[in-house]
Amino acid sequence: MSSNEVQTCAILGASGHGKVIAEMAELCGYEEIYFFDDRWPALQGIEHWSVFGDTASLFESCLKFTNVVIAIGNNTIRIEKQRLLQSAGANFSPLCHPKSHISSYAKIGAGSVVMANAVINPFAYVGNGCIINTSAVIEHDCSIEDGAHVSPGAMLAGGVCVGETSWVGIGAQVKQLVKIGSRCVVGAGATVVNDISDGLTVVGTPAKPIVQG
Ligand SMILES: CC(=O)SCCNC(=O)CCNC(=O)[C@H](O)C(C)(C)COP(=O)(O)OP(=O)(O)OC[C@H]1O[C@@H](n2cnc3c(N)ncnc32)[C@H](O)[C@@H]1OP(=O)(O)O
């Protein structure tokens, strides 16, 4: 960041995930952090950060922030809120931890966050509003569509596709060239060796679908 103006970051969602994003924003040079959460005004703060308003307040004030990040874990809600705020003119730059490794040949979309120790290798594509969580590995030529979340320690081999709003659970592994559809869930620790159709939840090694109750 090079501007002389104070660099401000608004975060919607005073969650555990929001705390990680707040620290990451500070490490990236944002000087002021403004949380927003629908539990405001009852909720006034999170750790040492203040909560300044609810979603409606953020919509009213979104143009004044250097950057806005949605820290909502639910993938569908996160990308919906981001798209609405983008329509209202808010700026969504990607936020990448200084200790993540992102190839200069990779692309990271608006509002996506890349946590500490994550690796994103050449010609990988990460869409808008995605979470690439702590120590996740996104190998070369992967494609992660809008609103997807790759959890801590999950590893995607080369050329894997993860569809919109899908969630790859903590420590999961995905074989090269596998296509995971939209709205899928890959359970914690699963090993995915075959393509997954839209909307399925899979668990285990090799990963198989489970029926959601
Ligand atoms: C920074 C952060 O914290 S990021 C968050 C990281 N967290 C994760 O990655 C969690 C990912 N979530 C999971 O793995 C979940 O267990 C899910 C989404 C796969 C399933 O959750 P639910 O729908 O609540 O299923 P539920 O817990 O009722 O389990 C259903 C069945 O699947 C089994 N099961 C659930 N998860 C798994 C799993 N990861 N691996 C193997 N079996 C599993 C259960 O034992 C249960 O089996 P049973 O019917 O024989 O008893």
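Residues numbered from 1 in each chain as written. Predicted model: local features only at pLDDT ≥ 70, side-chain atom pairs only at ≥ 80, totals over all residues. Heavy atoms only, no water.

Per an unreviewed UniProt entry, the protein goes by the name Acetyltransferase and belongs to Pseudoalteromonas fenneropenaei. Per UniProt, the protein carries the Sequence similarities (unreviewed entry) text "Belongs to the transferase hexapeptide repeat family." (UniProt positions renumbered as here; feature names shortened; annotations may be inferred.)

Caption draft 1: Inspection of the pairing of strand β5 (residues 67-70) at higher detail. Burial along β5 is two-sided: Asn67 and Val69 and Val68 and Ile70, pointing in opposite directions, are all buried. Examined bridge by bridge, strand β1 (residues 8-12) and β5 share 4 bridges and lie parallel to one another. In the sheet register, Leu12 faces β5, and the bridge partner there is Ile70. (Buried < 20%, exposed > 50% of the residue type's maximum accessible area, 1.4 Å probe, protein only. Helix = DSSP H or I, 4+ residues; strand = E, 2+ residues; numbered from the N terminus. Pairing = 2+ DSSP bridges.)

Caption draft 2: Focus on the sheet that holds strand β15 (residues 149-150). Taken in spatial order, the 8 strands make up an open sheet running β6-β9-β12-β15-β18-β21-β23-β24, and their pairing is mixed. One side of each edge strand has no neighbouring strand; the edge strands of this open sheet are β6 (95-96) and β24 (208-210).

Caption draft 3: Quick peek at the pattern of salt bridges. The final tally for this structure, using the stated rule, is 4 salt bridges. Lys19 serves as the salt-bridge partner of Glu47, at 2.8 Å between the closest nitrogen and oxygen. Placement of Glu47 in the loop between β3 (45-46) and β4 (49-53) and of Lys19 in helix α1 (residues 16-27) is noted, with a sequence separation of 28 residues between them. Between Glu164 and Arg83 there is a salt bridge, with its nearest N and O atoms 3.5 Å apart. Placement of Glu164 in the loop between β17 (161-162) and β18 (167-168) and of Arg83 in helix α3 (residues 75-87) is noted, with a sequence separation of 81 residues between them. Relative accessible area serves as the criterion here: at 36%, Arg83 is assigned to the partly exposed category. A cluster of three or more residues bridged by salt bridges with shared partners is formed by Arg83, Asp146 and Glu164. (Salt bridge = Lys/Arg side-chain N within 4 Å of Asp/Glu carboxyl O.)

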